[in-house]
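A structural walkthrough
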Amino acid sequence: MTGVAVPGRGRLGRGALCEGDRVDFRPLTQDAIDAAPEWMREIPLRPDRWRDAHTRSVVGIEGEDAVAAGILWTSRVHGDRYWFEIAVAPYRRRRGLGREMSARLSALRGDDLAFMTRGYVDDDRMAFARALAARTIQVVPPADIAVASRTALRHHPAVRSAADVEWLQIAEANAAVYAWTHAAWSPVGPQFAEALNEDLADELDRDATSVAVVAGRVVAGRVVANCMVYLDESPPVVTAETTAADTPDGERLVEGCVRRSLDVLAARGETDVVFDGHVSDPHFLPVWTRLGPTGRWFHLVEVPAVPAPARPRS
Ligand SMILES: CC(C)(COP(=O)(O)OP(=O)(O)OC[C@H]1O[C@@H](n2cnc3c(N)ncnc32)[C@H](O)[C@@H]1OP(=O)(O)O)[C@@H](O)C(=O)NCCC(=O)NCCS
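Quick caveat: nothing in here was measured; it's all calculated off a predicted structure.

**Observations regarding the overall build of the protein**
The helix and strand inventory of the protein stands at 8 helices and 14 strands. By residue count, 32% of the 314 residues in the protein fall in the buried class. In the protein, once contacts between residues fewer than 6 apart in sequence are set aside, the share between residues at least 24 apart is 72%.

Next up, the structure:
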């Protein structure tokens, strides 16, 4: 989709801001957030330096009015890229303000890292990201699954409820799964596990969550696969994988975990769940596709930062 006309304002130049566009870029304040118009609230808003150099945010003011906002932040789990979001007032779109804001945010980065954002493939926000030279780093397949489709999956004798397993094992399994499934495209940071598991105890549906426990050679069983069910969303969100990339029989163990979790949800009268994972999850994806998912494809993309303009030589 190209060439969106701005009613009453004509279709002004493509790309750079036009003459007469006098936009003053300032740090975003809590007052500006409190007074934010609806279009600005489409993106997460925090005051500039909310987490010091880890949160930088800007507002573009024209006359008395906010016409653009931008924010970058780091994830406490990763730290390999800056997440970023930009919003432009609807009547000022397609006149280069979004692009200008990406340059402003680029200059606010404390580290020389690229940006990252995400969205459904056919969303306008992704067309904007592509215009900024985004490249796909991960794909999330259609995620809506009918609980009734679970009969395509087999049970597995090693699978049990997470409620029967010590909490520490659940938390460790969660961190282990997360680390290796992100290693190739968005590696975790040094203290990621603490941040990742911070709210897990409140969010996890322990009865519906399933784990595969296989006797270890030394002392005790260990969780080798899991299917986590989260309480804080409706329909419930389901994730699953093995705790190590090279788990023997991994796909079969994940299959059994997902089957049990969906059985528990079915018994409670749930009819739909949302799967959350990636095309690169080798044991989860085959199980996922056998359940006939529907919905939209979702992309995570890396967006290069705008290099600082070269300083004129004196
Ligand atoms: C996405 C958004 C920030 C773009 O702001 P903008 O000021 O219109 O962006 P620009 O004018 O700099 O557009 C740069 C290029 O992005 C692409 N683009 C922007 N909006 C687009 C749209 N709606 N459809 C298709 N392409 C689009 C175009 O290639 C455009 O260049 P062109 O106008 O020369 O064709 C704005 O539409 C918005 O606020 N959307 C709602 C919030 C949102 O989804 N933000 C996520 C951004 S990370």
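Having seen the structure, we can now continue with the description.
**Section: the nonpolar core**
Within the largest apolar cluster, 33 residues are counted, with the highest numbers of intra-cluster contacts made by Val211, Ala212, Ala240, Val254 and Cys257. When residues no more than four places from it in sequence are discounted, the contact partners of Ala240 are Asn226, Cys227, Val254, Cys257, Val258, Phe284 and Val287. Formed by 28 residues, the second largest nonpolar core is a distinct cluster that contains Leu28, Met40, Ala87 and Met101.

**Details of helix 4 (residues 167–182)**
Taking 1.5 Å per residue, 16 residues should reach 22 Å; helix 4 reaches 23 Å between its end C-alpha atoms and fits that length. Taken residue by residue, helix 4 has Ile170, Ala173, Asn174, Val177 and Thr181 as its buried positions. The arc that holds the buried residues of helix 4, viewed along the axis, is 100°, so those residues lie on one side.

**Let's talk about the sheet that holds strand 3 (residues 55–62)**
Spatially, the 7 strands line up as an open sheet ordered 1-3-4-5-6-14-7, and their pairing is mixed. Of all the strands in the sheet, the pair left with one neighbour each is strand 1 (24–27) and strand 7 (135–140). Strand-to-strand twist of the sheet, defined as the mean angle between neighbouring strand axes without regard to direction, takes the value 25°. As paired strands, strand 4 (residues 65–74) and strand 5 (residues 82–88) are joined by 7 bridges and run antiparallel to one another. Bridge pairing in strand 5 links Ala68 to Val88. The sheet contacts of helix 2 (residues 97–108) involve strand 1, strand 3, strand 4 and strand 5, and relative to strand 4 the element is tilted by about 40°.

**Describing unusual backbone geometry**
Phi at Ala133 takes a positive value of approximately 75°, unusual for a residue other than glycine. The topology assignment puts Ala133 in the loop between helix 3 (124–131) and strand 7. Residues other than glycine seldom take positive phi values, yet Asp249 does so here, at roughly 65°. Counting through the fold element by element, Asp249 comes out in the loop between strand 12 (237–242) and helix 7 (250–267). Among the residues examined, Asp249 registers 17 C-beta atoms within 10 Å and is labelled partly exposed.

**Comments concerning the environment of Pro286**
Structurally, the position occupied by Pro286 is in helix 8 (residues 284–290). The exposure class assigned to Pro286 is exposed, which follows from the 12 C-beta atoms found within 10 Å. With 32 residues separating them along the chain, Pro286 and Val254 place their C-alpha atoms 9.7 Å apart.

**Observations concerning the pairing of strand 5**
Extensive coverage of strand 5 is indicated by the burial of 5 of its 7 residues. Two elements, strand 5 and strand 6 (residues 115–120), share 2 bridges in a ladder whose sense is parallel. Residue pairing in the sheet places Tyr82 in a bridge with Phe115 of strand 6. The handedness of the strand 5 to strand 6 crossover, carried by helix 2, is right-handed.

**Description of the confidence of the model for the protein**
In the predicted model, the protein carries a mean pLDDT of 90, and 89% of its residues have values of at least 70. Of the regions scoring below 50 in pLDDT, residues 1–15 engages in 14 contacts with residues more than four places distant in sequence or in other chains. A low-confidence stretch, residues 216–220 (pLDDT under 50), is modelled with 2 contacts involving residues beyond four sequence positions or located in other chains.

**Notes on the pairing of strand 3**
Within strand 3, 6 of the 8 residues are buried, which leaves the element mostly enclosed by the surrounding structure. Alignment of strand 1 against strand 3, held across 4 bridges, turns out to be antiparallel. Counterpart to Pro27 in the pairing with strand 3 is Val58. Bridge count for strand 3 against strand 4 is 8 bridges, and the pairing is antiparallel. Among the inter-strand pairings, Arg56 is bridged to a residue of strand 4, identified as Leu72. From the end of strand 3 to the start of strand 4, which pair antiparallel, there are 2 residues, and Gly63 there has a positive phi angle of about 65°.

About the thresholds
- Throughout this document, residue positions are counted from 1 along each chain, in the order its sequence is written.
- In keeping with the model being predicted, local features are shown solely for residues with a pLDDT of at least 70 and side-chain atom pairs are shown and tallied solely at 80 or more, while totals for entire chains, interfaces and linings include all residues.
- For the purposes of this entry, the term helix denotes a DSSP run of H or I that reaches at least four residues, the term strand denotes a run of E that reaches at least two, and both are numbered from the N terminus.
- Any residue surrounded by 20 or more other C-beta atoms within 10 Å of its C-beta is treated as buried, while 12 or fewer makes it exposed and the intermediate range makes it partly exposed; C-beta atoms here are placed from the backbone.
- Note on contacts: each residue gets a C-beta atom placed from the backbone, and two residues are in contact if those atoms are within 7 Å.
- A set of buried residues drawn from Ala, Val, Leu, Ile, Met, Phe, Trp, Tyr and Cys, joined through C-beta atoms within 7 Å, is what defines a nonpolar core.
- Expected helix span is taken as 1.5 Å per residue step, with the number of steps being one fewer than the number of residues.
- Of all possible arcs, the one meant is that of the directions from the helix axis to the C-beta atoms.
- Here, a strand pair is defined by DSSP locating no fewer than two bridges between the strands.
- As a rule, the C-alpha atoms of each element are fitted with a line to give its axis, helices using only the stretch in contact, and angles between N-to-C directions run from 0 to 180 degrees.
- With the strands pointing away from the viewer, any crossover whose connection runs clockwise from the first strand over the helix to the second is right-handed.
- For every residue, the predictor states its confidence as a pLDDT score lying anywhere from 0 to 100.

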